[in-house]
Amino acid sequence: MLFTNLDEFTAQKQNPNRVVVIGAGAVGIHLAVQLVRAGREVVVLEAGDETLSNFSSDSYSVIGRKHEGIRLGRSVALGGTTNLWGGQLVEFNPLDFNGRDWLPGSKWPVSYEEFAPYYGPTYDALGIDQDLQKDEFVWKSLKKDKPKLGTEVELFLSRWLKIPNLAAIFREEIETKPKLSVVLNTTVTGFTGRNGHIESLQACNSKGERHSITGESFVLSAGTIENARLLLHAAADESWECPWKHNENVGKYFQDHLGGRVAMIKPRDSKAFYDLFCTIVLRSHKFQPKLRLFNELLDQEPVLNNQVWIAFENSIKENLVFLKQFFQAALYSRKIGSISEFFRNAFACARHMIPLMWKFVVEHRVLIPSGSRISLTVQAETEPLRESQIKIDSSETNEFGLPKVLLDWQLSSNEIHHLASFTRRVEKALQESELADLVVEPALLEEDPKFLDQLHDTNHHSGGCIMGESAEQGVVDRNLQVFGTDNLFANGACIFRTNSNANCTFTAMAFATRLAEYLAKDSHEAGLPQAD
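Thresholds, definitions, all that
- Within every chain, residues take consecutive numbers counted from 1 along the sequence as written.
- Only residues with pLDDT of at least 70 are given local features in this predicted model, and only at 80 or more are side-chain atom pairs given and counted; all residues enter the totals for whole chains, interfaces and linings.
- Just so you know, side-chain values use all the structure's heavy atoms and leave hydrogens and water out.
- Segments assigned H or I by DSSP are reported as helices when at least four residues long, segments assigned E as strands when at least two residues long, and all are numbered from the N terminus.
- Here, residues are in contact when the closest pair of their heavy atoms is within 4.5 Å.
- Using a 1.4 Å probe, the Shrake-Rupley method yields the accessible areas, and only the shown protein chains count as cover for residues.
- To pair, rings of Phe, Tyr and Trp, with the six-membered ring standing in for Trp, must have centres within 6.5 Å; the planes then decide the type, stacked if under 30 degrees apart, edge-to-face if over 60, and tilted in the middle.
- Here's how the labels work: a residue is buried when its accessible area is under 20% of the maximum for its type, exposed when over 50%, partly exposed in between, all with a 1.4 Å probe on protein chains only.
- A positively charged side chain is recorded as over a ring if its NZ (Lys) or CZ (Arg) lies within 6 Å of the ring centre. The angle to the ring normal must also be within 35 degrees.
- The rule for pairing is simple: two strands pair if DSSP sees at least two bridges between them.
- Each axis is a line fitted through C-alpha atoms, and for a helix only the stretch in contact is used; angles between axes span 0 to 180 degrees, taken between their N-to-C directions.

> Would you take a moment to explain the overall build of the chain for this structure?
Within the chain one finds 17 helices and 21 strands. Across the chain, contacts joining residues at least 24 apart in sequence account for 73% of those joining residues at least 6 apart. About 22900 Å² of surface is accessible on the chain, with carbon and sulfur atoms providing 51% of the total.

Here is the structure:
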């Protein structure tokens, strides 16, 4: 059931055996739905409502490297940041979990072999058919074998959801499941408890009035930055003995990917190049071809894990984006933009419509108009640094008493070398495959550290509550339980020790699938009511 305010919810009869989830974004909603399907009662608390809004600009400051994602890459609303993203799903590599000898702290407490089975059920929950989960099947549907580009560089496919907003995907269950409550306009401000057991959390309604919410287990799913802020704020609260008060890892190892153009591309064989790299469409899902190094090479050599994709720029790109948004608005009954703008953009695309539709319907590909400028765009892993961190300034608080966030994003001195080496390997693979030549950015070839200033963050926030074998190594254990507590968990990309080359949301959701299994099993062993 969906509640628009906290007062309405607290007036209902409460179940002390429920799971309380903080945050109604991708991992929070997905976790809640999986738990309810397993028979648990769950309440999800969301600071926003159903209207997309941003965090107040005076609630944070960037004190390290420039970071636009803290402003543009977060939202306060039902569905969280899935209101903003494109719905792209990418799996992590085995080496991302299993670690690298040359990269301190890169081994996770959970191995890839143990974790990988949770990707499948997460795809299933999001409506990705099992055959579409395999790259080989997608290529075979196009009557092609999976392309090979040599022994170093691998071509792989990312998957895109039909509907990116998780609140829309799970809307029916949010509104009809009696064991699932989603409460909007509710800001969590702290906890109460003793001897490592969280007894309740403190929350405010939109008027600032405080309520206490009890539960059996509590899960932080409010996003990387907000999870760290709440833990840091609770640790500074002198009114109780916070179990993680002396854990110096809280807020540490913040990471984001570096993104941007590293080269322009000159195809040698335009048809072969376009056939390989233009987006695939099957059963209304998009599949985007990308390049990365083989896991075996990453395991053998001291290189960071990067990926690139091909960006096509042309005169009608903005027109096509407008038309796509127009039809999506009509399909989902949202406010439709200007009809005159629709016809203006449709006219601009008119001469491309027949080949575009042919390409889409017959060949299952997205048309790339001739004359497009083609560039190589990177999404680069960064080294985990302890000094790259999320802090709080308790001298400045918002209307709910939460402190201001201070984001100090830092890079090592090694990213430029790894990025240059990776770009050369991609250039070699494209040349030896007779596909294209690259015009690499000169500053990158020279490994000039200033080149990194031309790149930007990618809204892929991770770290701050990393997993570890002990409180000396992290904030949560292998089951995502906060060290020092017996019933508080953190979920999301905040628990990542390293950030791979992949978008982080899908792996965070797969961890939610795993956590749901753990919490459901825990309730069964405790003798709590189960699903019928």
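> Explain the packing of aromatic side chains here, please?
Within a pair of aromatic rings, the relevant descriptors are the distance that separates the centres and the angle that separates the planes. Taken as a whole and judged by the stated rule, the model has 22 aromatic pairs. Residues Trp 108 and Phe 496 carry aromatic rings whose centres are separated by 5.4 Å and whose planes lie at 35 degrees to one another, so their mutual orientation is tilted. Of this pair, Trp 108 sits in the loop between α4 (94-98) and α5 (112-115) while Phe 496 is found in the loop between β21 (488-490) and α17 (505-525), placing the two residues 388 residues apart along the sequence. Here Trp 108 matches Phe 496 in class, with each residue buried. Seen in terms of ring centroids, Phe 489 and Tyr 518 are 6.2 Å apart; in terms of plane orientation they differ by 65 degrees. Their pairing is edge-to-face. Note that Phe 489 is positioned in strand β21 and Tyr 518 in helix α17, a separation of 29 residues in sequence. Between the NZ or CZ atom of Lys 286 and the centre of the ring of Trp 160, over which it lies, the distance is 4.4 Å. Across from the ring centre of Trp 309, 4.7 Å away, lies the NZ or CZ of Lys 290, which sits over that ring.

> Where do I start with the sheet that holds strand β11 (residues 217-220) in this structure?
Consider a sheet: its strands pair through backbone hydrogen bonds, and that pairing is either parallel or antiparallel. As summarised here, the arrangement of the six strands in space is β1-β7-β3-β2-β11-β21, forming an open sheet in which the pairing is parallel. The outermost strands of the open sheet, each flanked by one partner alone, are β1 (2-3) and β21. Pairing analysis gives two bridges linking β1 to strand β7 (residues 180-183), with the strands arranged parallel. Residue pairing for β7: Leu 2 is matched across the bridge by Val 182. Packed on one face of the sheet, helix α2 (residues 26-37) meets β2 (19-22), β3 (42-45), β7 and β11 and runs near 170 degrees to β3.

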